[in-house]
Every structure is written in structure tokens, then in C-alpha cells.
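Results of the structural survey
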Amino acid sequence: MARRNTGATVRAVETDPCPVREVLDRVAGKWSVQILVAAAAGPLRFTELERAIEGISRRMLSLTLRHLERDGLVTRTVHATVPPRVEYEVTSVADDLLPALRRLAHWAERNRGYVAEARAAYDAQHPPELLDA
């Protein structure tokens, strides 16, 4: 049996409070890109974000906003009015990321037809159970 040097890997993971993969997972999440792009027009209220992002549930929007706020990509401002007004906007760190996210969103929009055709061609040649493997 080969020896493996896992000590260095374990120490690196323990000392790195936010590994790159974790950051990329958060930023590239299903709803995160859309929320960040929409919030860039901010400050926006929760309902404005909800209307701007087709298909997102209130719960998912709330949860994703909370994660983005925790990661320092979105700020949440509560205004002392009756009823309280809450607004969200991107931070300077997220603002730095926005050009790349917009390029990604535009690429997806331009190529969604191509991807749909490629999927259909693949599905026609392969049994569906192979996709779950």
C-alpha cells in the first residue's frame, strides 16, 4: 500500500478559512449570478429583486441573499421607516466581479440554443440512465 502525505493537505485546509472552491461555489451558484447582476442596479428592495429574477422562490432568494451578505458580496440596509424598508446592493468586491458575471450571463444567453441542440443530439444517442451515473 502506498503512503500518502495528507498532513500538508489537512493543514492547508485547516488554515484557509475560505477555500477557493467554496468561494467559486457561492459566486457561481444557480441563483447567485442572477442576484448579483440584478443587485448591481441597486439599491433594490427584496420584492424588486424577486421580480427581476424569474423562477426564484422567496425562500431561495432570502437564503441566497443571506449567504451573499455573509460572504461580503451584498450589503443589506434596513431603513427605520414604518414599515421598515430593506434594500440590497452589491459591495465593491462584487462590483469588481460583475464584468465577468455579465460576460458569463451574455454567453449563456447567446449559446442557450446551441446547448439545447447539443443536449437533444446527445440524448438521442445515449440512454437516459447514463446521465445519472
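Residues numbered from 1 in each chain as written. Predicted model: local features only at pLDDT ≥ 70, side-chain atom pairs only at ≥ 80, totals over all residues. Heavy atoms only, no water.

A look at the overall build of the protein
Scanning the protein from N- to C-terminus turns up 6 helices and 3 strands. When the helices and strands of the protein are listed from N to C terminus, the series reads α-α-α-β-α-α-β-β-α. Sorting the 133 residues of the protein into buried and exposed places 20% on the buried side. The contacts in the protein between residues at least 6 apart in sequence include a share of 46% that link residues at least 24 apart. About 10200 Å² of surface is accessible on the protein, with carbon and sulfur atoms providing 55% of the total. (Helix = DSSP H or I, 4+ residues; strand = E, 2+ residues; numbered from the N terminus. Buried < 20%, exposed > 50% of the residue type's maximum accessible area, 1.4 Å probe, protein only. Contact = heavy atoms within 4.5 Å. Areas by Shrake-Rupley, 256 points an atom, 1.4 Å probe, with all protein chains shown as cover.)

Topic: the pattern of salt bridges
Counted under the stated rule, the structure contains 4 salt bridges. In this structure, Arg26 engages Asp71 in a salt bridge whose closest nitrogen and oxygen atoms are separated by 2.6 Å. Within this pair, whereas Arg26 is found in helix H2 (residues 20–27), its partner Asp71 is found in the loop between helix H5 (58–70) and strand E2 (74–79), the two being separated by 45 residues in sequence. The salt bridge involving Glu87 is made with Arg85; its shortest N-O contact spans 3.6 Å. (Salt bridge = Lys/Arg side-chain N within 4 Å of Asp/Glu carboxyl O.)

Points about the pairing of strand E3 (residues 85–90)
Note that strand E1 (residues 44–45) and E3 share 2 bridges and pair antiparallel. Among the inter-strand pairings, Arg45 is bridged to a residue of E3, identified as Glu87. In the sheet, E2 pairs with E3 via 6 bridges, with the strands oriented antiparallel. When the bridges of E3 are listed, Arg76 appears paired with Tyr88. Connecting E2 to the next strand, E3, in antiparallel fashion are 5 residues. (Pairing = 2+ DSSP bridges.)

Observations regarding the confidence of the model for the protein
In regions of low pLDDT, the predicted coordinates are not meant to be interpreted in detail. The predicted model of the protein averages 84 in pLDDT, with 83% of residues at 70 or higher. Within the protein, helix H1 (residues 7–15) has the poorest average pLDDT of any element, 51, and H5 the best, 95. For the stretch residues 1–6, pLDDT sits under 50, and the model shows 0 contacts to residues farther than four places along the chain or on other chains. (pLDDT = per-residue confidence, 0-100.)

Re the sheet that holds E1
Within the open sheet, the 3 strands sit side by side as E1-E3-E2. Their pairing is antiparallel. The strands lining the two open edges of the sheet, one partner per strand, are E1 and E2.

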